[in-house]
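Chains, contacts and geometry: an overview
If you want the building blocks of each chain, they are given just below.
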Amino acid sequence: MVLRRLTTLLAGLGIVAAGLVTATPAHAAVFSTYGSGVNVRADAYLSAAVVTTLPGPTSIDVDCQKKGDRVTTSEGTSEWWAHVPALGGYVTVVYISIPEDKLPGVIECGGDPEPPTGDITLADVQAMFGSRIANPSIVQEGLPSLNQAMRDAQINTVYRKAAFLATLVHESRLEYNIREIGDTRPYGGRGYIQLTGDFNYRPAGQWLGIDLINNPELARDIRYSAQIARWYWTVARNINPYADQLKMGRVNAAIGYPAGAEDGRRCETFRTAIAYLSGQPAPAVNCSRTAKTLGDTSTMTRTQFEAAVNEGTSNRG
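Residues numbered from 1 in each chain as written. Predicted model: local features only at pLDDT ≥ 70, side-chain atom pairs only at ≥ 80, totals over all residues. Heavy atoms only, no water.

The next point concerns the pattern of salt bridges. With the rule as written, the count across this model stands at 19 salt bridges. D263 is the partner of R289 in a salt bridge, and the nearest nitrogen-oxygen pair spans 2.9 Å. With a gap of 26 residues between them, R289 in the loop between helix 9 (261–278) and helix 10 (302–309) and D263 in helix 9 connect regions that are remote in the sequence. In this structure R289 comes out as buried when scored by relative accessible area, which is 13%. Given a relative accessible area of 6%, D263 falls into the buried group. What emerges from the salt-bridge pattern is a single network uniting E171, E262, R265 and R266. (Salt bridge = Lys/Arg side-chain N within 4 Å of Asp/Glu carboxyl O. Helix = DSSP H or I, 4+ residues; strand = E, 2+ residues; numbered from the N terminus. Buried < 20%, exposed > 50% of the residue type's maximum accessible area, 1.4 Å probe, protein only.)

And the structure:
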């Protein structure tokens, strides 16, 4: 952090590039960036469009900050981004001259819509997914365990609930006891998330404290189906952050099937669920995948998948 601290000192002495010419908003805080070629992006993600590029150290007026993509440099790492109204975008905090990884004294930007109150009901999923709910009585029977699994997995915002439910309705029609039609493999698709492969049955069973290798049918038992979906969503993969960022293409890749028309269908279901849960039109959704996640990713470990999904992501803001 030596360079960041040194630049902070220089900034205090006025030895920085020309600051912004617009007046500082009353609620803004002034900071300085360091380095050259720092991008200002339309949102707090490395995939967002570049609004402008700062040629050198610059004084910026920040009105709020939000979490986004993690950026790492030789000086540190941060997942926080500063909103600069005068530039119409966000700058990663890694390139701001402070020793911390989050701006001190700066409020967080308004985030996702407020989480819906209460549990998901049969009426909710029927309104969101229509004819996909083919067996309402089975869906209703499983909802208590599914809602508990969502609470346990911190699937508790509009975007997280929308991504999780959109995924499960495509995987299983939200039926806890479903078996993939025509799949006679010992470790074929079962349950809410269609658990597949001994490489998933074994660790899922170990996590639950049951023997899924010798008793694979337990994967579609009402006692375990929802918790297996929770395990896959948060342990085998870490999917909530992709939902937070509206990166449904990465959610789809995390489930394990190859890219294709199904991605578009799931993205549209995600938008529909967001609109219902938030009561307003869904924002733009990123349905793209990285090159290494276009194929079947189901056999990847969590570490391998995260490396593949981040391939080609620049470390500069």
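Among the residues of helix 10, F305, A308 and V309 are the ones counted as buried. All buried residues of helix 10 lie within an arc of 95 degrees about the axis, which places them on one face of the element. Facing away from the buried side of helix 10 by over 90 degrees, the exposed positions are T303 and A307. Of the surrounding elements, those touching the buried residues of helix 10 are helix 7 (240–244) and helix 8 (248–255). (Arc of directions from axis to C-beta. Contact = heavy atoms within 4.5 Å.)

A word on the nonpolar core. Considering soluble globular proteins, one finds that nonpolar side chains tend to be buried as a cluster. Counting residues in each nonpolar core, the largest one holds 59 residues, and the members touching the most others are V125, F129, L146, L174, W233 and F270. Apart from residues no more than four positions distant in its own chain, F270 is found in contact with Y159, A162, A163, A166, A243, L246, M248 and V285. (Core = buried A, V, L, I, M, F, W, Y, C linked by side-chain atoms within 4.5 Å.)

Where burial is concerned, the two faces of strand 2 (residues 38–41) agree: the one with V38 and V40 and the one with N39 and R41 are both buried. Pairing of strand 2 with strand 3 (residues 50–54) involves four bridges; the strand directions are antiparallel. Paired with V38 across the strands is L54, a residue of strand 3. (Pairing = 2+ DSSP bridges.)

The next subject is the environment of N200. Note that N200 resides in helix 5 (residues 198–208). Using a relative accessible area of 9% as the deciding quantity, one classes N200 as buried. When the C-alpha atoms of N200 and I213 are compared, they prove to be 9.6 Å apart, with 13 residues separating the residues in sequence. If we skip the residues at most four places from it in the chain, N200 touches L195, W231, Y232 and S298.

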